[in-house]
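Residue strings, one per chain:
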Amino acid sequence: MATATETKSVVETINKQIANWGVLYVKIHNYHWFVKGKQFFTLHEKFEELYTEASKWLDELAERVLAIKGRPIATMKDMLAEASVKEAAGDESADQMVKTIVKDFQTMIGEMRKAIEQAEQAGDHTSADMLTGIQNSLEKHVWMLEASLG
């Protein structure tokens, strides 16, 4: 059974990912709305898939924090302050959008590895399993997005 300190640490780690997914939800919507060029139809659809997934992870992570008696980050101000990923600049080309998402996902994959280890050390296998599933999804997206860049 996790100590209060271990649980607090897991909550903080998950909250960072809630912040990342909250920022990504808005960022990927930006890309969905403003993508232009030859890749428009493909990327417009892909970005919709990604922001829909962001919404799912955002909700599941927040509910997990509540289940372990924590308090999930729930304001954009707090998400922007805590997130490792940054907002869209607003003037990215289609390729820049894809490269930025790949970079964001790679950052999050590194954070997931640490978060999974932290949850395991705390004996919180449910959180570790959830984070592993998210990491798996991110790794697949990175592979596909990088392949689309050529």
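Everything below is about the structure printed above this text.
Predicted model only: the values in this text are computed from it and were never measured.

Quick look at a nonpolar patch on the surface now. Where nonpolar side chains cluster on the molecular surface, the patch consists of Tyr25, Val26, Met76 and Leu80 and spans about 310 Å² of accessible area. Mapped onto the nonpolar patch, the elements with two or more residues apiece are helix 1 (4-34) and helix 3 (76-82). Inspection of the secondary structure assignment puts tyrosine 25 in helix 1. Residue classification places tyrosine 25 among the partly exposed residues on the basis of a relative accessible area of 31%.

Positive phi, normally seen in glycine, also occurs at lysine 69, with a value near 70°. Note on placement: lysine 69 falls in the loop between helix 2 (40-67) and helix 3.

What follows deals with the environment of methionine 112. Within the secondary structure, methionine 112 sits in helix 4 (residues 94-121). Taking relative accessible area as the criterion, methionine 112 reaches 0% and is therefore assigned buried. For methionine 112 and leucine 131, which are 19 residues apart along the polypeptide, the C-alpha to C-alpha distance reads 6.3 Å. If near-sequence neighbours (up to four positions away) are discounted, methionine 112 is found in contact with Gln17, Trp21, Leu131, Ile134, Gln135 and Leu138.

In total, this model carries six salt bridges according to the counting rule given. Note that glutamate 82 and lysine 16 form a salt bridge whose closest N and O atoms lie 3.8 Å from each other. Within this pair, whereas glutamate 82 is found in helix 3, its partner lysine 16 is found in helix 1, the two being separated by 66 residues in sequence. The residue lysine 46 makes a salt bridge to glutamate 49 at a minimum N-O spacing of 3.1 Å. Here glutamate 49 and lysine 46 lie together in helix 2, a separation of three residues that amounts to about one turn. With a relative accessible area of 38%, glutamate 49 lands in the partly exposed category.

Parameters and conventions
Residues numbered from 1 in each chain as written. Predicted model: local features only at pLDDT ≥ 70, side-chain atom pairs only at ≥ 80, totals over all residues. Heavy atoms only, no water. Patch = residues over 30% accessible without salt bridge, like charges linked within 9 Å, V, L, I, M, F, W, Y side chains within 5 Å. Areas by Shrake-Rupley, 256 points an atom, 1.4 Å probe, with all protein chains shown as cover. Salt bridge = Lys/Arg side-chain N within 4 Å of Asp/Glu carboxyl O. Helix = DSSP H or I, 4+ residues; strand = E, 2+ residues; numbered from the N terminus. Buried < 20%, exposed > 50% of the residue type's maximum accessible area, 1.4 Å probe, protein only. Contact = heavy atoms within 4.5 Å.

Note that every value here comes from positions in space, so none of it alone points to a role or purpose.
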